[in-house]
Structures are given as structure tokens and as C-alpha cells.
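Coordinate analysis (summary)
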Amino acid sequence: MNKVTQSKHDAFQAISDPTRRSMLKLLAMREMSIAEIVEYYPISRTAVNKHLHILADSGLVRSRKVGRETRYMLIPEPLIKIQNWLSFFEQFWENKLYALKRFLEEDND
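Described in the following lines is the structure provided in the data block. All values reported here derive from a predicted model rather than from experimental measurement.

Quick look at the nonpolar core
- If you look at the biggest cluster of nonpolar residues, it comprises 18 residues, and the most contacted ones within it are Met23, Leu27, Ile37, Val48, Leu52, Leu55 and Tyr72.
- When sequence neighbours within four positions are dropped, the list of residues in contact with Val48 reads Met23, Ile34, Ile37, Val38, Tyr41 and Ile43.

Here we look at a nonpolar patch on the surface
- Taken together, the side chains of Trp85, Leu86, Phe88, Phe92, Trp93, Leu97, Leu100, Phe103 and Leu104 make up a nonpolar region of the molecular surface, amounting to roughly 960 Å² of accessible area.
- By the element assignment, Trp93 lies in helix α5 (residues 78-108).
- By relative accessible area, which is 46% here, Trp93 ends up partly exposed.

Quick word on the sheet that holds strand β2 (residues 61-66)
- The strand order across the open sheet built from 3 strands is β1-β3-β2, with neighbouring strands paired in antiparallel fashion. The two strands at the open ends of the sheet, each matched to only one other strand, are β1 (32-33) and β2.
- As defined by bridge partners, β2 adjoins strand β3 (residues 69-74) across 6 bridges and the pair is classed as antiparallel. Its bridge partner lying in β3, Arg64 is registered against Arg71.

Scoring rules and cut-offs
- Residues numbered from 1 in each chain as written.
- Predicted model: local features only at pLDDT ≥ 70, side-chain atom pairs only at ≥ 80, totals over all residues.
- Heavy atoms only, no water.
- Core = buried A, V, L, I, M, F, W, Y, C linked by side-chain atoms within 4.5 Å.
- Buried < 20%, exposed > 50% of the residue type's maximum accessible area, 1.4 Å probe, protein only.
- Contact = heavy atoms within 4.5 Å.
- Patch = residues over 30% accessible without salt bridge, like charges linked within 9 Å, V, L, I, M, F, W, Y side chains within 5 Å.
- Areas by Shrake-Rupley, 256 points an atom, 1.4 Å probe, with all protein chains shown as cover.
- Salt bridge = Lys/Arg side-chain N within 4 Å of Asp/Glu carboxyl O.
- Helix = DSSP H or I, 4+ residues; strand = E, 2+ residues; numbered from the N terminus.
- Pairing = 2+ DSSP bridges.

Structure follows, in C-alpha cells:
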């Protein structure tokens with residue numbers, strides 16, 4: 001029997017944490033080692049490593065060995081799933097913003 005391995009986290013779960021969202025922005029700039037990433041956060045190296053594992057498990061980050069260090073890079077493709085999901089709700093935001101604009105314009109008259 002073939003067992004399909006599923007990740008424990010999906011992209012939605014991964015981005016639910018503000019630290020992980022921040023790490024994604026950081027890694028969008030360039031590939032970084034864990035030592036470089038740790039410098040940006042007031043948390044332990046172990047905590048940073050746990051966040052990176054969740055991001056990797058969700059497919060948003062990939063790691064590779066370069067000599068003795070592990071380097072991390074952003075893999076943005078899973079964010080498309082989030083963007084597609086959010087795009088459905090844009091219609092509601094646009095309607096509310098238009099209604100607010102109309103209300104404010106009428107109030108000024």
C-alpha cells in the first residue's frame with residue numbers, strides 16, 4: 001500500500017503567525033542562513049528554527065545546505081492559493097469601500 005505523506009501545515013496555517021509572515025518578507029529579499037535570520041528577531045534560535053520548519057512544511061520556504069550552514073529561500077507559489085481564496089472576498093471589500101466613499105461624499109454636500 002502506498003502512503004501519501006501530507007504536510008502537517010498548509011500555507012494558511014503558516015501565515016497565521018505574524019513572525020512567520022515577517023520571515024517570508026525577509027526571505028523575499030534574498031536567501032539567508034538561520035544565523036542571519038535570528039538577528040532580526042528577539043526570539044531564540046530554536047524558536048526561529050521552529051518557525052522555519054513550519055514554513056518549510058507548508059511549502060513556502062525551502063532550505064539547502066551550503067557547506068556547514070543551512071540557507072533558506074522563499075517559495076512564493078503556495079501564496080497563489082491564498083491569493084485566489086482572498087480574491088473571492090474582494091467583491092465585498094470593494095462594495096463596502098464604495099459605500100463608504102458615497103456616504104462621505106454625500107455627507108460633505
